[in-house]
Number of protein chains: 2
Amino acid sequence: MAVLADAEIKQALTGLKGWNRNGSAIQRVFEFPDFKAAMQFVNKVADAAEQANHHPDIDIRYNKVTTALVSHDAGGVTQRDVQMAERINQIGR
Amino acid sequence: MAVLADAEIKQALTGLKGWNRNGSAIQRVFEFPDFKAAMQFVNKVADAAEQANHHPDIDIRYNKVTTALVSHDAGGVTQRDVQMAERINQIGR
């Protein structure tokens, strides 16, 4: 899958609430009432990642979860990352 | 709970297989066969964290999980962190 150009990533981000660029990846921070709610989100994201066979980086800081996406095999952000970000937004709002 | 002195942390780390110092925290990287096994570990750690009401930072990178511990309220590594690190080692070997 082709790596998206900067302008294409910028365009995609306009449709991805809460996501922004971080180096070679795109990421979003989700905040929850507590750790338990954060872990419920993480497990739903994990299930979606397994289904799509595309796994975000996930950082858990008590009630805050950062998800980051990049297609390491392609060497940048691809449409797969955009699709997974959309899926994660469906899970986390 | 009292913050451990550098020498005390160093001493504690000798009994904590795989853990080392990272800035103000102590951390260990665990590696698993795949993402699914990594998530099983993360969920067991999450349960132990809720039980102890002491929550490690958890970073998931496909089959690699980094757990990091510091007592933010105390401003450094305390015996609570050492105890949770021991518990995490029981879970992850």
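Here, every reference points to the structure presented above.
Figured I'd write up the structure that's included with this text. (Residues numbered from 1 in each chain as written. Chains lettered and ligands numbered in written order. Predicted model: local features only at pLDDT ≥ 70, side-chain atom pairs only at ≥ 80, totals over all residues. Heavy atoms only, no water.)

1. A few points about the interface of chain A and chain B
Definition in use: By definition, residues are in contact when any of their heavy atoms lie within 4.5 Å. For this document, the term salt bridge refers to a Lys or Arg side-chain nitrogen within 4 Å of an Asp or Glu carboxyl oxygen. Throughout this description, a polar contact denotes any pair of N or O atoms lying within 3.5 Å of each other; where both atoms belong to protein, one of them has to be capable of donating a hydrogen while the other can accept it, and for residues adjacent in sequence the pair is counted only when both atoms sit in side chains. Each helix corresponds to a stretch of at least 4 residues labelled H or I by DSSP, and each strand to a stretch of at least 2 residues labelled E; elements are numbered beginning at the N terminus.
With 16 residues of chain A at the contact, the number on the chain B side is 16 residues. Put simply, chain A and chain B have 4 salt bridges between them. Its salt-bridge partner being R61(B), residue D59(A) comes within 2.8 Å of it at the nearest N-O pair. In this assembly, chain A and chain B are joined by 7 residue pairs in polar contact (both at pLDDT 80 or more). Among the elements of the structure, α2 (35–52) and β3 (57–61) of chain A are those that each provide at least two residues to the side of chain A that touches chain B.

2. Details of the relation of the copies chain A and chain B
Stated formally: Least-squares fitting of one copy onto the other uses the C-alpha atoms of those residues that reach a pLDDT of at least 70 in both copies.
With an axial shift of 0.0 Å and an RMSD of 0.0 Å, the rotation relating chain A to chain B amounts to 180°. Here the copies are linked by what is in effect a two-fold axis. If distances are taken from each C-alpha of chain A to the rotation axis, the shortest is found for D59(A), at 2.2 Å. A share of 100% of the interface residues of chain A reappears at the interface of chain B, consistent with the copies meeting face to face through the same patch.

3. Section: the sheet that holds strand β4 (residues 64–69) of chain A
Put simply, the rule reads: Two strands pair if DSSP finds at least two bridges between them. Convention adopted: a line fitted to C-alpha atoms gives each axis, helices being fitted over their contacting stretch, and angles between N-to-C directions are expressed from 0 to 180 degrees.
Reading across the sheet, the 8 strands line up as β1(A)-β2(A)-β4(A)-β3(A)-β3(B)-β4(B)-β2(B)-β1(B) and stay open at both edges, with antiparallel pairing between neighbours. Of all strands in the sheet, those with a lone pairing partner are β1 (20–22) of chain A together with β1 (20–22) of chain B, marking the two edges. With direction set aside, neighbouring strand axes in the sheet form an average angle of 25°. Relative to β4(A), β3(A) is paired through 5 bridges, and the arrangement is antiparallel. Counterpart to R61(A) in the pairing with β4(A) is K64(A). Along the sheet face, helix α1 (residues 6–14) of chain B touches β1 and β2 (25–31) of chain B and points at about 135° away from the line of β1(B).

4. Looking at helix α2 (residues 35–52) of chain B
Spacing of three or four residues puts side chains on the same side of an α-helix, whose turn is 3.6 residues. Let me state the cut-off plainly: One fewer than the residue count of a helix, multiplied by 1.5 Å, yields its expected span.
With 18 residues, α2(B) should reach 26 Å at 1.5 Å per residue; the first-to-last C-alpha distance of 25 Å fits that figure. Elements in contact with the buried residues of α2(B): α2 and β3 of chain A together with β2, β3 (57–61), β4 (64–69) and α3 (79–92) of chain B. Its side-chain oxygen at 3.4 Å from the backbone nitrogen of K36(B), D34(B) defines the N-terminal cap of α2(B). The first or second residue beyond α2(B) is N53(B), which carries a positive phi of 50°.

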